Every structure is written in C-alpha cells, then in structure tokens.
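Coordinate analysis (summary)
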Amino acid sequence: MKTLEEEGWSAFPRPVSQSDDFVCDAQKGMTLRDWFAGQALPGLFPESLSNVKVAKIAYEIADEMLKARKA
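Residues numbered from 1 in each chain as written. Predicted model: local features only at pLDDT ≥ 70, side-chain atom pairs only at ≥ 80, totals over all residues. Heavy atoms only, no water.

Mean pLDDT over the chain stands at 78; residues scoring 70 or higher make up 83%. Ranking the elements of the chain by mean pLDDT puts helix α1 (residues 4-7) last, at 53, and helix α3 (residues 51-70) first, at 89. (pLDDT = per-residue confidence, 0-100. Helix = DSSP H or I, 4+ residues; strand = E, 2+ residues; numbered from the N terminus.)

The interhelical angle for the contact between helix α2 (residues 32-40) and α3, taken along N-to-C directions, is 120 degrees, at an axis separation of 8 Å. By the angle between their axes, α2 is oblique relative to α3. For α2 against α3, the interelement crossing comes out right-handed. Only Ala 58, Tyr 59, Ile 61, Ala 62, Asp 63, Met 65, Leu 66 and Arg 69 of α3 make contact with α2, whose side of the interface consists of Leu 32, Arg 33, Asp 34, Phe 36, Ala 37 and Ala 40. The class makeup of the residues in the contact of α2 with α3 is 10 nonpolar, no polar and 4 charged. (Axes fitted to C-alpha atoms, helices over the stretch in contact; angles between N-to-C directions. Parallel < 35°, antiparallel > 145°, perpendicular 65-115°, else oblique. Left-handed = near helix turned anticlockwise from the far one by under 90°. Contact = heavy atoms within 4.5 Å. Nonpolar A, V, L, I, M, F, W, Y, C, P; charged D, E, K, R; others polar.)

Bringing the side chain of Asp 63 into the picture now. The topology assignment puts Asp 63 in helix α3. Only 2.5 Å separates the side chain of Asp 63 from the side chain of Arg 33, close enough to count as a polar contact. (Polar contact = N/O pair within 3.5 Å; in protein donor to acceptor, adjacent residues only side chain to side chain.)

A few words now on α2. Turning to α2, its buried residues are Leu 32, Phe 36, Ala 37 and Ala 40. Burial along α2 is one-sided: seen end-on, the buried residues are contained in an arc of 135 degrees. Structurally, α2 contributes buried residues whose contacts are with α3. (Buried < 20%, exposed > 50% of the residue type's maximum accessible area, 1.4 Å probe, protein only. Arc of directions from axis to C-beta.)

Going through the model one piece at a time under the given rule, you end up with 2 salt bridges. For Asp 63, the salt bridge goes to Arg 33, with nearest N and O atoms at 2.5 Å. With a gap of 30 residues between them, Asp 63 in helix α3 and Arg 33 in helix α2 connect regions that are remote in the sequence. Judged by relative accessible area, Asp 63 falls into the buried class, the value being 17%. A salt bridge links Glu 64 to Lys 67, with the nearest nitrogen and oxygen atoms 3.3 Å apart. One end of the pair, Glu 64, and the other, Lys 67, are both in helix α3, 3 residues apart, so they sit about a helical turn from each other. (Salt bridge = Lys/Arg side-chain N within 4 Å of Asp/Glu carboxyl O.)

In structure tokens, the structure reads:
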C-alpha cells in the first residue's frame, strides 16, 4: 500500500489558521485508508473474532474500498 504522500489522499486535513488569539498549525489528517478501516469496524463487531483479526479484516476492506475508488 502506498503512503499518504504517494497517494495524495487524506481524510480531514486542516490548513493553517489564525486569529487574533491563536494560531493552529496545519495537519495532514489521517490517511483515507485509516478512515475507511474505521468505518468498516462497526459491521465487524458482531463477529466472534479476536481484535487482531477484526483489525486485519477492517484494513482488507479499506484496501478494497481504495481499489474500487480508483476504478
């Protein structure tokens, strides 16, 4: 899987912002793959699987979502 920099995709990036009272640094946000994996988790909890297996399945689903997004 490519890195965020290679893919150029992120979820919830935030540009630098400032007001009279504060300055917020820019943030890249999480990778789109991480976001997709997190969104897949609620559908996996009814399964009687270990946390490690659930995490692996969530990222497999995220990878498939990224492939489908490119198609």
